[in-house]
Amino acid sequence: MTVNDALLWDGELTVTRHDRETGASFVIRLDSTRLGPAAGGTRAAHYPSFADALADAGKLAGAMTLKMAVSNLPMGGGKSVIALPARRSDIDPPTWNRILTLHAENIDKLRGNYWTGPDVNTNSADMDVLNETTDYVFGRSLERGGAGSSAHNTALGVFEAMRATARHRGLGALDGLTVLIQGLGAVGGGLATLASAAGARLLVADTDSDRLAWARASGHTVIGADEVLSTACDVFAPCAMGGIIDSVTAAMLPTSAVVGAANNILADDTAGAILRERGILYAPDFVANAGGAFHLVGHEVLGWNEDTVREHTRRIGDTLTEVFTISDAENTTTDAAARLLARRRVETSVRAGAATAPR
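Predicted model, so just to flag it, every value in this text is computed and none were measured.

1. Observations concerning the packing of helix α5 (residues 151-168) against helix α6 (residues 186-197)
α6 packs onto α5 with a crossing angle of 50° between their chain directions and a minimal axis gap of 8 Å. Taken together, the axis directions place α5 and α6 in an arrangement best described as oblique. The element α5 and its partner α6 pack so that their crossing is right-handed. Facing α5, whose interface residues are Ala151, Thr154, Ala155, Leu156, Val158, Phe159 and Met162, α6 presents Ala186, Val187, Gly190, Leu191, Leu194 and Ala195. Taken together, the residues of the contact of α5 with α6 break down into eleven nonpolar, two polar and no charged.

2. Some thoughts on helix α11 (residues 291-300)
Most of α11 is tucked away, with eight of its ten residues classed as buried. The secondary structure elements touched by the buried residues of α11 are α2 (50-70), α5, α12 (306-314) and α13 (316-330).

3. Examining the sheet that holds strand β8 (residues 201-205)
As summarised here, the arrangement of the six strands in space is β9-β8-β7-β10-β11-β12, forming an open sheet in which the pairing is parallel. The two strands at the open ends of the sheet, each matched to only one other strand, are β9 (221-222) and β12 (281-282). Alignment of β8 against β9, held across two bridges, turns out to be parallel. Residue leucine 203 lies in a different strand from β9, and its bridge partner there is threonine 221.

4. What to know about the layout of surface pockets
Its boundaries defined by the atoms lining it, the second largest pocket holds a volume of some 180 Å³. Taken together, 15 residues form the lining of the second largest pocket, with Arg276, Ile280, Leu281, Ser327 and Thr334 sitting closest to its centre. Elements represented by at least two residues in the lining of the second largest pocket include exactly α9 (269-277), β12, α13 and α14 (334-356).

5. What about the pairing of strand β2 (residues 25-32)?
Buried residues dominate β2, accounting for seven of its eight residues. Taken together, the seven bridges between β2 and strand β5 (residues 76-83) define a ladder with antiparallel strand orientation. Opposite serine 32, over in β5, you have glycine 77 as the bridge partner.

6. Quick notes on the pattern of salt bridges
In total, this model carries 15 salt bridges according to the counting rule given. Across the pair glutamate 105 and arginine 17 runs a salt bridge whose closest N-O atoms are separated by 3.5 Å. Separated by 88 residues along the polypeptide, glutamate 105 in helix α3 (residues 93-109) and arginine 17 in strand β1 (residues 13-18) bring together distant segments of the chain. With a closest N to O distance of 2.3 Å, glutamate 311 and arginine 315 form a salt bridge. The class for glutamate 311 is partly exposed, based on a relative accessible area of 41%. Given a relative accessible area of 38%, arginine 315 falls into the partly exposed group. Several salt bridges converge on common partners, so that one network encompasses Arg43, Asp56, Lys79 and Asp119.

7. Here's the deal with the packing of α5 against α12
When two helices pack together, their arrangement is given by the angle between the helix axes and the distance between those axes. Here α5 crosses α12 at 35°, and the two axes come no closer than 9 Å. In this structure, α5 crosses over α12, and the sense of that crossing is right-handed. Along its contact with α5, which presents His152, Asn153, Leu156, Gly157 and Glu160, the element α12 presents Glu306, Val309, Arg310, Thr313 and Arg314. Broken down by class, the residue content of the contact of α5 with α12 amounts to two nonpolar, four polar and four charged.

8. A closer look at the nonpolar core
The biggest cluster of nonpolar side chains holds 59 residues, and the ones touching the most others in it are Met68, Met162, Ile181, Leu191, Leu202 and Val259. Of the residues forming this core, the biggest block, seven residues, is contributed by α5. Beyond its immediate stretch of four places on either side in the chain, methionine 68 contacts Ala39, Leu73, Met75, Gly76, Ala293 and Val297. Counting 21 residues, the second largest nonpolar core, distinct from the first, contains Ala104, Tyr114, Val129 and Leu130.

Conventions used here
Residues numbered from 1 in each chain as written. Predicted model: local features only at pLDDT ≥ 70, side-chain atom pairs only at ≥ 80, totals over all residues. Heavy atoms only, no water. Axes fitted to C-alpha atoms, helices over the stretch in contact; angles between N-to-C directions. Helix = DSSP H or I, 4+ residues; strand = E, 2+ residues; numbered from the N terminus. Parallel < 35°, antiparallel > 145°, perpendicular 65-115°, else oblique. Left-handed = near helix turned anticlockwise from the far one by under 90°. Contact = heavy atoms within 4.5 Å. Nonpolar A, V, L, I, M, F, W, Y, C, P; charged D, E, K, R; others polar. Buried < 20%, exposed > 50% of the residue type's maximum accessible area, 1.4 Å probe, protein only. Pairing = 2+ DSSP bridges. 1 Å grid on protein atoms, 1.4 Å probe; cavity = no way out; pocket = protein on both sides within 12 Å on 5 of 7 lines; lining within 4 Å. Points joined across faces, edges and corners; volume = space filled by probe spheres on them. Salt bridge = Lys/Arg side-chain N within 4 Å of Asp/Glu carboxyl O. Core = buried A, V, L, I, M, F, W, Y, C linked by side-chain atoms within 4.5 Å.

Laid out in structure tokens, this is it:
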């Protein structure tokens, strides 16, 4: 199997719908069901065009396929995108409830071939609403029998990825390193707490005044959102929206390593190659941020307890070390190496399933 083979992931199905009453459009993308039902969160956002929403759903679903495969989880990759007519904060509760109900109907029509959970602008309370219409939902509130928010476990996984990446890059432990975190949401904020406890000096950026007030009170140094890509640091952690590093950014980014929670951090393939040429070690996001998948799939599909979920999440560092080893041996980018590892694990799982299947 070559690296090029590992880059080929064919999507299986795209479902779309538009609701005239709310102005919302819906996309459900099933990228792969080779390992099991497709799974991926529901992202709600205001997009420049429906074409942008479709493209985002495709990229995110592909990343979920890779994440499930490289994490040895028995699910395929999928994603939901709800293209909102306005910013989420400007949509009133009755309209939002209708949007969620329609989305649940769309999911239910797929009859278990796709499961969803929380993502950008959706949470456990929203999953409870979806669950009133469909059973194919992860991340419901604890009160409703779900696993609750996966943010804390996602943060733990990114933290373990950061430790492994710093070691492989020759930076040593996080103690004394400068870590720049972009985005202090539930995951970024959790990562900031963990990295700070490990002795890292934190630079943080966000557009939310309450989050920045928390950061200052915690003793972190706040920088402007427009300074993120030009501020020197040992480790850069993008924890907001994806596509933050393109080929131009990669050529000037003043850091030694990139490890973040955002999906699709690299805007294009060239960016990964440039980072490698400059000696910047990139931890592929679909490996680093898999803690959320371990939390939801582990608890709600595999019946793992909290200790087992944490054990698997902490192994993200081991998986990244394997990725880095492949990258060095194949003389290729870490992103291509992670895709190769994912493909190998898919083929191993498929062969094992075929070997044990009843005849």
